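A closer look at the structure
So you can see what is in the structure, the chains are spelled out below.
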Amino acid sequence: MKPAPFAYVRAQSVEHALDVLAEHGDDALVLAGGQSLVPMLNLRLVQPAVVLDINALRGLAAIDTDPASGALRIGTLVRHREIASHQTVAARAPLLHDAAPWIAHPAVRHRGTLGGSLALADPAAEWPACAVALDATIRLASRDGGERSVPASAFFQGLYQSERRADELLVGCDFAPPGDDAVFSFRELARRHGDYAAVGLALSARGRPGAWTAMRVVFFGVGDTPVQASACAAALIAGVDFPEAQARLEGELDPRPDLWFSAQAKRHLAVHLLREAWRDLGNPMAGE
Amino acid sequence: MQDIELELNGQRVRLAVSRREHLADALRQRCGLTGTHLGCEHGVCGACTVRVDGAAVRGCLMLAVQADGARVRTIEGEGDDPVMRALQDAFVERNALQCGYCTPGFLLTAAELIALDPDPSRESIRAYLSGNLCRCTGYQAIVDAVELAARRLREAPSTDGRAR
Ligand SMILES: Cc1cc2nc3c(=O)[nH]c(=O)nc-3n(C[C@H](O)[C@H](O)[C@H](O)COP(=O)(O)OP(=O)(O)OC[C@H]3O[C@@H](n4cnc5c(N)ncnc54)[C@H](O)[C@@H]3O)c2cc1C
Ligand code: FES
Ligand code: FES
């Protein structure tokens, strides 16, 4: 299949992009890495009047540190491959470093972008879950509203639905500095290397085994958005035995079945991933 | 239609392309470079793999207008490359192709892997090629061929500019 006709606009500046979005709203779609949008165009799942290519906006392709807050700022156009290999990211946001190789295949990672993945809000994607686990802040800009920040945990609203309004450009995502006692685990099961997850887990915690003070346990591939297992996390912080935490998790997960995995199978795999992540954090498991 | 200018297999070319045309179609239909194949046109099979500014990408997932100002290389442009020659020879020897539809994509992706890692394990060969589908060979022979080519290149490294 080939795309239906559209007008192609190459954004010359962020202001120019925001003007186009303000003018066309829903009728314009942003083209970032194109690794999700172009398939949708080719299959005519979307038929926008305007395709707004932002790839020339190099200012949105930087990785830097906010001098005031110390946060790691990743521009919307930073590609998956760069996140995978960037030294600062590996040091400051190791969860992203660990998750990146799980996204698709090399040729897709060469073009796909952080912001494109966040804007798409695919519930089986890695970046949205990592952003929630790291309590990241997503930055959006519009001509009429200026810039606003939305916590990742409030950004994802439903299947391919987010807080982003049609006139807004996602400009970047900020990750606060991890504390000295922060630890992370990324785990995923997919049918084939590079496929979207059957079930995945992005976990961030502070403290140490036996004395956890904070924890975010975020599953993906199990619902319409990244799913925070809050009851399970609270139980693990409270120091319950693993079987008790497992029961909490089974109680709060209500996975959506897909073509290959039933809800029951996904719940089973989620428990398996939680057990592996719990070990990654250095917690002893009963019977070991 | 829109005019674009790009460096294609080392030569400057100017093309008029339709805005909704993807790069693989432009290469095949406007430039006659039919070594770039189209399987799925939605990013799944890798038959359309080309190199843009040095990186292997899906030709079906980039608009031709986005290649304006870029350096594009297709399988036709790789004939003199020693890594590509070694891969081609190994593919033939190990029967790593049958119908050949997937082969240009596999070759370009495998060449990129060998440039990054001259001594890839079978596991990493499989991971790197995971985005390329072959309906004929069952993959074993393809992994064998890439392994063989990498080994030969390590044993007899070429002097004439492998990294481009
Ligand atoms: C074969 C294949 C396998 C894949 N496997 C995975 C996988 O395992 N995990 C995974 O996470 N992804 C996977 N992907 C998708 C890939 O990661 C995409 O790169 C990503 O989902 C979208 O990023 P993009 O930059 O390509 O965005 P695009 O495709 O350009 O855009 C995606 C959507 O976001 C909008 N958008 C993009 N940027 C902005 C912005 N700055 N502001 C507002 N809106 C914006 C677009 O309008 C569009 O609606 C796969 C893709 C393919 C082809
Ligand atoms: S034709 Fe491009 S990936 Fe299949
Ligand atoms: S040789 Fe036929 S598809 Fe690979």
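Conventions adopted
- Residues numbered from 1 in each chain as written.
- Chains lettered and ligands numbered in written order.
- Predicted model: local features only at pLDDT ≥ 70, side-chain atom pairs only at ≥ 80, totals over all residues.
- Heavy atoms only, no water.
- Pairing = 2+ DSSP bridges.
- Helix = DSSP H or I, 4+ residues; strand = E, 2+ residues; numbered from the N terminus.
- Axes fitted to C-alpha atoms, helices over the stretch in contact; angles between N-to-C directions.
- Domains from an automatic or database assignment.
- Buried area = accessible area lost by both parts, 1.4 Å probe.
- Salt bridge = Lys/Arg side-chain N within 4 Å of Asp/Glu carboxyl O.
- Nonpolar A, V, L, I, M, F, W, Y, C, P; charged D, E, K, R; others polar.
- Buried < 20%, exposed > 50% of the residue type's maximum accessible area, 1.4 Å probe, protein only.

**Some remarks on the sheet that holds strand E1 (residues 7–10) of chain A**
Residue and element names in this part refer to chain A.
- Strand order in the open sheet formed by three strands is E1-E3-E2, and the pairing between neighbours is parallel. Each end of this open sheet is capped by a strand with a single partner; those strands are E1 and strand E2 (28–31). Looking at each pair of strands side by side, their axes are set apart by 25° on average, direction ignored.
- Summarising the sheet, E1 and strand E3 (residues 50–53) pair through four bridges and their orientation is parallel.

**Here we look at the domain arrangement of chain A**
Residue and element names in this part refer to chain A.
- The domain boundaries assigned to chain A delineate domain 1 (7–53), domain 2 (58–175) and domain 3 (182–280).
- Spacing between the C-alpha centres of domain 1 and domain 2 amounts to 18 Å.
- Around 1200 Å² of area is buried between domain 1 and domain 2 when both sides are counted, 71% of it from carbon and sulfur atoms.
- Counting every contact that joins domain 1 to domain 2 gives one salt bridge.
- The partner of Arg 143 in a salt bridge is Asp 19, with the nearest N and O atoms 3.6 Å apart.
- Its residues placed into classes, the side of domain 1 that touches domain 2 shows eight nonpolar, four polar and two charged.

**A closer look at unusual backbone geometry**
- For A:Tyr160, which is not glycine, the phi torsion reads 55° and is therefore positive.
- For A:Tyr160, a relative accessible area of 47% corresponds to the partly exposed category.
- At B:Tyr139, a residue that is not glycine, the phi angle is positive and equals roughly 75°.
- Of note, B:Tyr139 is situated in the loop between helix H4 (122–128) and helix H5 (140–155).
- Residue B:Tyr139 is classed as partly exposed on the basis of its relative accessible area, which comes to 28%.

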